[in-house]
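Results of the structural survey
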Amino acid sequence: MRPEMTAASLDTAARTSAERGALARARLLRGLLPALSLALVLLAIAWLNPRAISYFGFSLMLNLAIPIALATIAQMFVIAGNELDLSIGTFVGFVGCVTATWLKDAPLIGAAILLGSIGVYALLGALIHLRNLPSIVVTLGMSFVWQGLAILVLPKPGGKAPDWLLGLMAFKPPFVPFPIIAALLIGLIVHFGLMRTSYGVILRGSGGNPAALGRAGWSLLKTKIVLFALAGLFGVLSGMALIGITTSADANIGNGYTLLAIAGVILGGGEFVGGRVSPIGAVIGALTLALAASPLLTFMHIPPDWQVAANGAILIIVLAARVLISRKER
Amino acid sequence: MPEGNADIIRLNGAEKHFGAVRALGGVDFHVSPGECVGLVGHNGAGKSTLMHMVAGTLVPDSGQIGVHGDTEDNYSVSRAQQLGIRCVFQELSLCPNLSVAENTRINHASLRGFGWRRKAAELIAAKLDEIFPGHSISAADIVGDLSIGRRQMVEVARAFTATQDRLDLVILDEPTSSLDAHTAGQLLAFVRRFVAGGKSCILISHVLGEVLRNADRIVVMRDGKVVVADAASAFDRDRLVTAMGGAEARQKIAAQIAAAKPAASPLRVRARPAAQKDGTDLVACAGEIIGLAGLAGHGQTDLLLAIFAAASRARTGIEVTAPVALVAGDRQSDGIFPQWSIAENIGIRSLARLRSGLLISPQREAELAAFWQKKIGIRTPDMNNNIFSLSGGNQQKALFARALGSDAQIVLMDDPMRGVDIGTKLEVYDLVREEAARGRTFLWYTTETEELDNCDHIYVFKNGRIVANLRRDELTEEKIIQSSFGDAA
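In short, a report on the structure.

So, on to the side chain of Ser 99 of chain B. Residue and element names in this part refer to chain B. As for its position among the elements, Ser 99 is in the loop between β6 (85-88) and α3 (100-106). By relative accessible area, Ser 99 is classed as buried at 8%. Excluding residues that lie within four positions of it along the chain, Ser 99 makes contacts with Ala 139, Ala 140, Asp 141, Ile 142 and Val 143.

And the structure:
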């Protein structure tokens, strides 16, 4: 505080710093909420089954967390631009089928198909922007296209993951289980790209106030294409990671990922509109969902028939807590 | 500067139409280096359209734009940026989800690479310090957390930051509307320093005193044209007001109204705007047409909506003694049921009367529609056609029929004649006066001053408050402008 400030301005400064403090606390609380919910789920698991909290336990429980985290990141890019992708689940399934067939048998063609599918995502972004179409409709339609293509590629469950992928996903680092390291890496890389780089600001701004961005001379077509292409890229990574874990594929393998990914983004502190997303939060949200999805419920002796419903209940509780906290913020 | 004393920007014969509406009709406008041009005019005079052209966000239908002496054929926002022209738009153009520094980055393509965050933060913080000393805004603050006044400060400061592109002209569209007197003073003082340094500003403000004190030259617009442009010293407040309002004589319909006025009629509405500090009420009696005037968005619509709500649930400060109907201003979003026929659109306000048993009687609905078709002159072969088969003016008539065909004794009109042709307007004016003579009460918010000629009593609004209360015989356009542009907030 500068000495020449008058009493009056000191007063305003004090008031604003108090205001700012309250806002910062609320934001911190909201930012910590994903981590808190993860900690809560972990505590519950530790209490129900202490042996699960081990290197081997985590490797097993978080087995499927990597593909879920990658799909969640893919969805997050789309949500950052105020859109929603209802096709990410079947897209992951399609990528899985291609990975277990073409990518193993004819790696060049397989890679070309996967790159081409990222291109399709980019085109979808362009289409949605140019024709001003609702993304929900376009991606819902695309979900059937991906599903159909997946069945064409792999009519019945089977195929085999490429060996290098199996080797990568079976990697066992010392001390810290692989899924945790992978989740950290994914979260940090995307955080840097979207939250710290100068073009990441433009991407998030396109969700916050598109008109302002356009007035400042940025191309909204380009931001939408980039966001959708990134979603496609992370969808491809998710599908490949999934097949690296399951070793073989099925056309329906990713169907549940669409809603899991949306829930993960929201759980991680993202909002459907306004460009407010958090990559690290999204990864934590995905981990929470992966843990809450089956390990926790199995330890709670909830019969498999009821697990889906119980999973939904957990989601409602966490999201309700989020709403309460953000209401306090106002 | 290689261009010497060339104008920073010059528009010749700029024209712009939005559909059938002419927003600009052949405007010549220029700004020289080192001057502050004040731009004034009533709502819809074309100021914002003109400024959008200067900033490159709108392309004129015809006319030429020259910048620094060269003609620009493909003028755009990014071209304007390169040429050193910036605009602070009236509606805020910050991204609420980003920090102050990140919002600065959006306007500067060159802020990139390693260390851009620090550079952006330093740039905006230095400019905020320069314009608004003691501002207490941090570059790391998320814009969505700032008050509206602070957001405007950030927006203004951002427009004055410069990196690699030149900066010659900043357009300030109502820059002080959300600032308190102290910060507004800081900004205007900065504008004077900026202009003294050889740069230029365009200042648009509804506070005429601000313009008179700070501009070197004042351009007055009315109806999409420049009516006067002169040195600021040649203007005083009265001359400005006269220029804005226009002095041409208008045919008055006053006699007609005065004749039909019943003496002491029962009270229908007594309402006080939420922001009203003194005890002024809006009072409307049976058979009266009450005008709500003032600049757009100064609380007129809010009061109408409050009265409408008070009719069904009691509210403090508002007394309503009869059923109410509202004719919406934005008929596409608030008035019309797009999937329905004309007859159904008219009948929706009167369903109770159209019922037979549990169902709506198609016959009664058709009767009501036919009656109003004749009475108000809705031009259609069949009232069962979709409402969109009508022209805009006839759609608006259908909405009037909805209100007038109901049991409502109080009709609220939220600037309903926007974008309606003059023929339809005159028909509706007649109908309104006729219905008022039968005892109906009309509360009529309008942005078109001529329409106030139909009113018995006019309340002028400013900042959500009633600032003037004029009888029909006291009404002049100058008076309305004087009150709505009054410096006292």
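Next, the rest of the story.
With that settled, the discussion passes to helix α3 (residues 65-80) of chain A. In a regular helix each residue adds 1.5 Å, so 16 residues correspond to 22 Å; α3 of chain A covers 22 Å between its end C-alpha atoms and thus fits that length. In terms of residue burial, α3 of chain A counts as a mostly covered element, since 16 of its 16 residues are buried.

Contacts between the two partners involve 27 residues from chain A, matched on the other side by 32 residues from chain B. At the surface where chain A touches chain B, the tally comes to one salt bridge. In this structure, the salt-bridge partner of Arg 204 of chain A is Glu 102 of chain B, at a minimum N-O distance of 2.9 Å. Those elements giving two or more residues to the side of chain A that touches chain B turn out to be α1 (7-48), α9 (178-196), α10 (198-208) and α11 (210-215) of chain A. Here the side of chain A that touches chain B gets seven residues from one element, more than from any other, and that element is α10 of chain A.

All names here are of chain B. What the rule picks out here adds up to zero disulfides over all chains. Of all cysteine sulfurs, the one in Cys 201 lies closest to Cys 87, which takes part in no disulfide; the gap is 11 Å. This cysteine, Cys 285, is not joined by any disulfide, and Cys 455 carries the nearest cysteine sulfur, 15 Å off. You can call Cys 285 buried: its relative accessible area is 17%.

Taken as a class, soluble globular proteins show a tendency for nonpolar side chains to be buried jointly. Counting residues in each nonpolar core, the largest one holds 78 residues, and the members touching the most others are Ile 66, Ile 73, Met 76, Phe 77 and Phe 91 of chain A. With 13 residues, the top contributor of residues to this core is α3 of chain A. In this view, Ile 66 of chain A contacts Met 169, Phe 178, Pro 179, Ala 182, Ile 186 and Ala 241 of chain A; residues no more than four positions away in its chain are not counted. Ranked by size, the runner-up nonpolar core spans 58 residues in total, among them Leu 213 of chain A together with Trp 116, Leu 187 and Val 220 of chain B.

This brings us to a nonpolar patch on the surface. Residue and element names in this part refer to chain A. A cluster of nonpolar side chains, namely Leu 28, Leu 32 and Leu 36, defines an oily patch on the protein surface of about 290 Å² accessible area. Mapped onto the secondary structure, Leu 28 falls in helix α1. A relative accessible area of 54% means that Leu 28 is categorised as exposed.

Let us look at the environment of Asn 209 of chain A. Within the element layout of this structure, Asn 209 of chain A appears in the loop between α10 and α11. On the accessibility criterion, Asn 209 of chain A (14% relative accessible area) is buried. In sequence terms Asn 209 of chain A and Gly 274 of chain A are 65 residues apart; their C-alpha atoms lie 7.4 Å from each other. Excluding residues that lie within four positions of it along the chain, Asn 209 of chain A makes contacts with Leu 92, Ser 93, Leu 94, Cys 95 and Pro 96 of chain B.

With that settled, the discussion passes to the pairing of strand β20 (residues 457-462) of chain B. All names here are of chain B. In terms of burial, β20 is largely enclosed, as six of its six residues are buried. Burial of the side chains of β20 extends over both faces: His 457, Tyr 459 and Phe 461 are buried on one face and Ile 458, Val 460 and Lys 462 on the other. Note that strand β13 (residues 289-294) and β20 share five bridges and pair parallel. Among the inter-strand pairings, Gly 294 is bridged to a residue of β20, identified as Phe 461. Examined bridge by bridge, β20 and strand β21 (residues 465-471) share six bridges and lie antiparallel to one another. Within the sheet, the bridge partner assigned to His 457 lies in β21 and is Arg 471.

Describing two packed helices takes the angle between their axes plus the distance from one axis to the other. Residues and elements named next belong to chain A. Here helix α6 (residues 107-130) crosses helix α12 (residues 220-246) at 145 degrees, and the two axes come no closer than 7 Å. Judged by the twist between their axes, the crossing of α6 over α12 is right-handed. Of the residues in α12, those in contact with Leu 114, Ser 117, Ile 118, Tyr 121, Ala 122, Leu 124, Gly 125, Ala 126, Ile 128, His 129 and Leu 130 of α6 are Leu 220, Leu 221, Lys 224, Ile 225, Phe 228, Ala 229, Ala 231, Gly 232, Leu 233, Val 236 and Met 240. Residues belonging to the contact of α6 with α12 are distributed by class as follows: 17 nonpolar, four polar and one charged.

One pass over the full model with this rule turns up 25 salt bridges over all chains. The salt bridge partner of Lys 160 of chain A is Asp 163 of chain A, with a shortest N-O separation of 3.9 Å. When its relative accessible area of 39% is taken as the criterion, Lys 160 of chain A is described as partly exposed. Assessed through its relative accessible area of 51%, Asp 163 of chain A is described here as exposed. As a salt-bridge pair, Glu 102 of chain B and Arg 117 of chain B come within 3.6 Å of each other at their nearest N and O atoms.

Take the sheet that holds strand β11 (residues 267-271) of chain B next. All names here are of chain B. Judged by pairing direction, the sheet is antiparallel, and its three strands sit side by side in the order β12-β11-β14 without closing on themselves. The sheet terminates laterally at β12 (282-285) and β14 (318-320), the two strands that pair on one side only. Taken pair by pair, the neighbouring strands of this sheet meet at an average axis angle of 15 degrees, ignoring direction. Across four bridges, the pairing between β11 and β12 is antiparallel. The residue bridging Ala 271 from the neighbouring strand is Leu 282, located in β12. Packed onto the sheet, helix α10 (residues 300-312) meets β11, β12 and β14 and runs at close to 60 degrees relative to β14.

Criteria and thresholds
- Residues numbered from 1 in each chain as written.
- Chains lettered and ligands numbered in written order.
- Predicted model: local features only at pLDDT ≥ 70, side-chain atom pairs only at ≥ 80, totals over all residues.
- Heavy atoms only, no water.
- Helix = DSSP H or I, 4+ residues; strand = E, 2+ residues; numbered from the N terminus.
- Buried < 20%, exposed > 50% of the residue type's maximum accessible area, 1.4 Å probe, protein only.
- Contact = heavy atoms within 4.5 Å.
- Expected span 1.5 Å × (residues − 1).
- Salt bridge = Lys/Arg side-chain N within 4 Å of Asp/Glu carboxyl O.
- Disulfide = S-S within 2.5 Å.
- Core = buried A, V, L, I, M, F, W, Y, C linked by side-chain atoms within 4.5 Å.
- Patch = residues over 30% accessible without salt bridge, like charges linked within 9 Å, V, L, I, M, F, W, Y side chains within 5 Å.
- Areas by Shrake-Rupley, 256 points an atom, 1.4 Å probe, with all protein chains shown as cover.
- Pairing = 2+ DSSP bridges.
- Axes fitted to C-alpha atoms, helices over the stretch in contact; angles between N-to-C directions.
- Left-handed = near helix turned anticlockwise from the far one by under 90°.
- Nonpolar A, V, L, I, M, F, W, Y, C, P; charged D, E, K, R; others polar.

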